[in-house]
Amino acid sequence: MALFRLQGSRVLAVDLSGDAVKAKNGAMVAYDGKMTFKRLTGGGDGLRGIVTRRITGESMTVMEVRGHGVCWFADRASEVNLVRLTGEKLYVEASNLLCTEATLRTGTTFTGLRGASEGHGLFTTTVEGTGQAALVSDGPAVVLRVSPQFPLQVDPGAYVAHTGNLRQHFQSGVNWRTFAGEASGEAFQIRFEGDGLVYVQPSERTTVGGQI
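Residues numbered from 1 in each chain as written. Predicted model: local features only at pLDDT ≥ 70, side-chain atom pairs only at ≥ 80, totals over all residues. Heavy atoms only, no water.

A look at the overall build of the protein chain
Of the regular secondary structure elements, the protein chain holds four helices and 12 strands. Considering the protein chain as a whole, with its 212 residues, one finds that 47% of them fall into the buried category. Summarising the internal contacts of the protein chain: among those between residues at least 6 apart in sequence, 79% fall at separations of at least 24. Entry remark: accessible area of the protein chain is about 10,400 Å², with carbon and sulfur atoms responsible for 53%. (Helix = DSSP H or I, 4+ residues; strand = E, 2+ residues; numbered from the N terminus. Buried < 20%, exposed > 50% of the residue type's maximum accessible area, 1.4 Å probe, protein only. Contact = heavy atoms within 4.5 Å. Areas by Shrake-Rupley, 256 points an atom, 1.4 Å probe, with all protein chains shown as cover.)

Considering the nonpolar core
Membership of the largest hydrophobic core comes to 18 residues, with the highest contact counts inside it found for Leu12, Val21, Phe73, Leu98 and Cys99. Ignoring sequence-local partners within four residues, the contact set of Leu98 consists of Leu12, Lys22, Ala23, Lys24, Ala27, Phe73, Ala74, Asp75, Val80, Ala134, Leu135 and Val136. One finds Val83, Ala133, Val160 and Tyr199 within the second-largest nonpolar core, a separate group that totals 12 residues. (Core = buried A, V, L, I, M, F, W, Y, C linked by side-chain atoms within 4.5 Å.)

Side note on the packing of aromatic side chains
Across all of its chains, the model carries two aromatic pairs by this definition. Seen from their ring centres, Tyr159 and Phe192 are 5.9 Å apart, and the 20° between their planes marks the pair as stacked. Of this pair, Tyr159 sits in strand E11 (residues 159-172) while Phe192 is found in strand E12 (residues 188-200), placing the two residues 33 residues apart along the sequence. For the pair Tyr159 and Phe192, one class covers both residues: buried. (Phe/Tyr/Trp six-rings, centres within 6.5 Å; stacked < 30°, edge-to-face > 60°.)

Things to note about unusual backbone geometry
With a phi angle near 55°, Arg76 is a residue other than glycine that sits in the positive phi range. Of note, Arg76 is situated in the loop between strand E4 (62-73) and strand E5 (79-92). With relative accessibility at 70%, the residue Arg76 sits in the exposed group. Notably, Ala77 is not glycine yet its phi reads approximately 60°, a positive angle. Taking the relative accessible area as the measure of exposure, Ala77 reaches 47% and is therefore partly exposed.

As structure tokens, then:
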């Protein structure tokens, strides 16, 4: 079983003892021991994952790292956030997924207008099963709880990932206050309702919604 641990806040160290992990292609920064690296076309599991990603445009180039020793991963000095899954499904932007245990299944799911507002496609990456995953964010990610009593609005450019039984609604923040100069400055938001967790970063990507 691969062991994920942080080396500082921006480097992921993975201890391998004959097992494997799947990581963003090019994210390996160092390793010791005996390792093999294999590029996985498409990033999904099997032929279906490859075809789905080509059709949807959810771009994610993945490599499999297998061996004995320690391998270190990083991505442009981004903060690394560890997530442990126990059978649930993680929804995450492909650009924010750094590494997963090989036992976790990856795929795609429909996001509709949320993906379009972020300048991505209409689909996002899913990670499912039991094991560890590492996400990257521009600054330390904050985990926010959503409950039936307390829905959550998130700027599309700050969204990283979410888990749980959540429903997403794409809503416009444009109203009369926008034109009066009293708006929040966010043209669009994602509204999450239900029960789950949402990961957001303290920095906003440039998105289509943010430019309107």
